[in-house]
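Structural overview for review
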Amino acid sequence: MISDIHANLAALEAVSEDAERSGADAPPWVLGDIVGYGPEPNEVVAHLRDAKAVAIAGNHDRAAVRSIGVEEFNPLAARAVLWTADALSEESRTFLSSLPERLKRGKFTLVHGSPRDPIWEYMVSAAALEENLEHLSTPGCLFGHTHIPMLVWMKPGGPTLVESEHGKTIELGEDRFYLNPGSVGQPRDGDSRASYVLLDEEAGTVEFRRVRYDYSATQKRMEQARLPRALIARLAFGR
Ligand code: ZN
């Protein structure tokens, strides 16, 4: 499971290699924001098409193909969206335009933001998680958008956060849950490493993974593309 790649090819390649080394043998599930912020939107789309990725759309993907406006984006994000819209090939635009906003895969619902507002809602409070259960028809919800890796059990007594450190295998039990694999291309939890999650459907387990990648290569390409400096700098800090 991968999310928020944000047109960062070096990060995506590092994650693909790590997943392969770890025995991943199925196409990735992609939870939106494939493009936006980063310098390689067409390369990232091509990579996902080759990998036969199962993907849904995020707010940046929708804005990059102009199916929503940039009014709700902060000024730097809006600049990057407009750069991306300009840079997209016809093929990439067709791919991104075709993405649904929600998919079901077995026990999981895939959305970018939340079940009730798949494109925009940031699920960052216990109340949001509780309220969204009504809109969820599967045991598990996989989401992105916040760029923070997270697993939460929805226990009768309230949401319970599970430690999501690198390399720990976690069994998916009887409780309903929300899982965010974190961001591949622009982590925001203070750790610059790309973040993703391996799923073993047969064993019913997940494993959070962090992968070092050469962010200076991505930064160089962002400089060449004259993308905003603050967006270039944040890759080194994971903020
Ligand atoms: Zn994002």
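Note: the structure precedes this text.
The structure displayed is predicted, hence computed values, not measured ones. (Residues numbered from 1 in each chain as written. Predicted model: local features only at pLDDT ≥ 70, side-chain atom pairs only at ≥ 80, totals over all residues. Heavy atoms only, no water.)

Quick look at the side chain of Ser-92
Just so we agree on the cut-off: Only runs of H or I of at least four residues qualify as helices and only runs of E of at least two qualify as strands under DSSP, and these elements are numbered from the N terminus. Relative accessibility decides the category of a residue: with a 1.4 Å probe and only protein chains considered, values under 20% of the type maximum give buried, values over 50% give exposed, and everything between is partly exposed. By the criterion applied in these results, polar contacts are pairs of N or O atoms within 3.5 Å in which, for protein atoms, one can donate a hydrogen and the other can accept it, and in which residues neighboring in sequence qualify only through two side-chain atoms. We call two residues contacting when some pair of their heavy atoms lies within 4.5 Å.
Tracing the backbone through its elements, the reader meets Ser-92 in helix H5 (residues 90–97). Owing to a relative accessible area of 4%, Ser-92 belongs among the buried residues under this scheme. Engagement of the side chain of Ser-92 in a polar contact is seen with the side chain of Asn-42, the distance being 2.6 Å. Aside from chain neighbours lying at most four places away, what touches Ser-92 is Asn-42 and Val-45.

Overview of the pattern of salt bridges
Worth spelling out the cut-off: Put simply, a salt bridge is a Lys or Arg side-chain nitrogen that is within 4 Å of an Asp or Glu carboxyl oxygen.
One pass over the full model with this rule turns up 13 salt bridges. Here Glu-40 ties to Arg-221 by a salt bridge, and the two come within 3.1 Å at their closest N and O atoms. One end of the pair, Glu-40, is in the loop between strand E1 (29–30) and helix H2 (41–50); the other, Arg-221, is in helix H7 (residues 215–224), with 181 residues separating them in the sequence. Notably, a salt bridge pairs Arg-210 with Asp-189, separated by 2.7 Å at the nearest N-O pair. With a gap of 21 residues between them, Arg-210 in strand E11 (residues 205–211) and Asp-189 in the loop between strand E9 (176–180) and strand E10 (194–200) connect regions that are remote in the sequence. It is possible to trace a salt-bridge network through shared partners that takes in Asp-18, Arg-21, Glu-207 and Arg-209.

Observations concerning the sheet that holds strand E8 (residues 169–171)
Within a sheet, neighbouring strands are paired by backbone hydrogen bonds and run either parallel or antiparallel to one another. Our working rule: Any two strands with at least two DSSP-identified bridges between them are counted as paired. Comment: axis = line fitted to C-alpha atoms, over the contacting stretch for helices; angle = value between 0 and 180 degrees taken between N-to-C directions.
Spatial strand order, E8-E11-E10: 3 strands in an open sheet with antiparallel pairing. Edge strands, defined here as strands with exactly one partner in the open sheet, are E8 and E10. Pairwise comparison of adjacent strand axes, ignoring direction, gives a mean angle of 25 degrees for this sheet. Where E8 lies against E11, 3 bridges are found, and the strand directions are antiparallel. Residue pairing in the sheet places Glu-171 in a bridge with Thr-205 of E11. Running at roughly 30 degrees to E10, helix H1 (residues 9–21) makes contact with E10 and E11 of the sheet.

Let's talk about the packing of aromatic side chains
What counts here: Ring pairs are drawn from Phe, Tyr and Trp, using the six-membered ring of Trp, whenever the two centres fall within 6.5 Å, and their geometry is named by plane angle: stacked under 30 degrees, edge-to-face over 60, tilted for the rest.
Evaluation of the coordinates by the stated rule reveals 6 aromatic pairs. Taking the centre distance of 5.6 Å and the plane angle of 65 degrees together, the rings of Trp-29 and Phe-108 count as edge-to-face. Taken together, the residues span a long stretch of sequence, with Trp-29 in strand E1 and Phe-108 in strand E4 (residues 108–110) at a distance of 79 residues. Residue Trp-29 shares its accessibility class with Phe-108, and that shared class is buried. When the ring of Tyr-213 is compared with that of Tyr-215, the centres are 6.2 Å apart and the planes differ by 75 degrees; the resulting orientation is edge-to-face. Taken together, the aromatic side chains of Trp-29, Phe-108, Trp-153 and Phe-177 make up a single cluster linked through ring pairs.

Observations concerning the coordination of the zinc ion
For the record, the criterion: Coordination here is defined by N, O and S atoms within 2.8 Å of the metal (3.2 Å for Na, K and Ca), and since water is not considered, a site can look incomplete. Any coordination sphere not matching a tetrahedral pattern (four donors, all angles between 85 and 135 degrees) or a square planar or octahedral pattern (four or six donors, opposite donors over 155 degrees apart, other angles between 65 and 115) is reported as irregular.
For the zinc ion, the protein coordination sphere consists of Asp-4 (OD), His-6 (NE2), Asp-33 (OD) and His-147 (NE2), at 2.1 to 2.4 Å. Here the zinc ion is ringed by 4 donor atoms whose angles at the metal span 84 to 173 degrees, and the overall shape comes out irregular. Spacing between the donor residues of the zinc ion along their common chain follows D-x1-H-x26-D-x113-H. Across the pair, His-6 and Asp-4 agree in class, each one buried.

Here's the deal with the packing of H7 against helix H8 (residues 229–237)
Our working definition: Note on terminology: angles under 35 degrees are roughly parallel, angles over 145 are roughly antiparallel, angles of 65 to 115 are roughly perpendicular, and the others are oblique. When residues are sorted by character, Ala, Val, Leu, Ile, Met, Phe, Trp, Tyr, Cys and Pro go into the nonpolar class, Asp, Glu, Lys and Arg into the charged class, and all the rest, Gly among them, into the polar class.
Put simply, H7 and H8 touch, their axes get as near as 9 Å, and they point 180 degrees apart. When the axis of H7 is compared with that of H8, the two are roughly antiparallel. Every residue of H8 that contacts H7 at Tyr-215, Thr-218, Gln-219, Met-222 and Glu-223 is listed here: Leu-231, Ile-232, Ala-233, Leu-235 and Ala-236. A class-by-class count of the residues in the contact of H7 with H8 yields 7 nonpolar, 2 polar and 1 charged.

Here's the deal with H5
The condition is simple: The reported arc concerns the directions from the helix axis to the C-beta atoms and nothing else.
Three or more residues of H5 are buried, namely Ser-92, Phe-95 and Leu-96. In an axial view of H5, the angular spread of the buried residues amounts to 95 degrees, which keeps them on one side of the axis. Buried positions along H5 lie against H2 and helix H3 (59–64).

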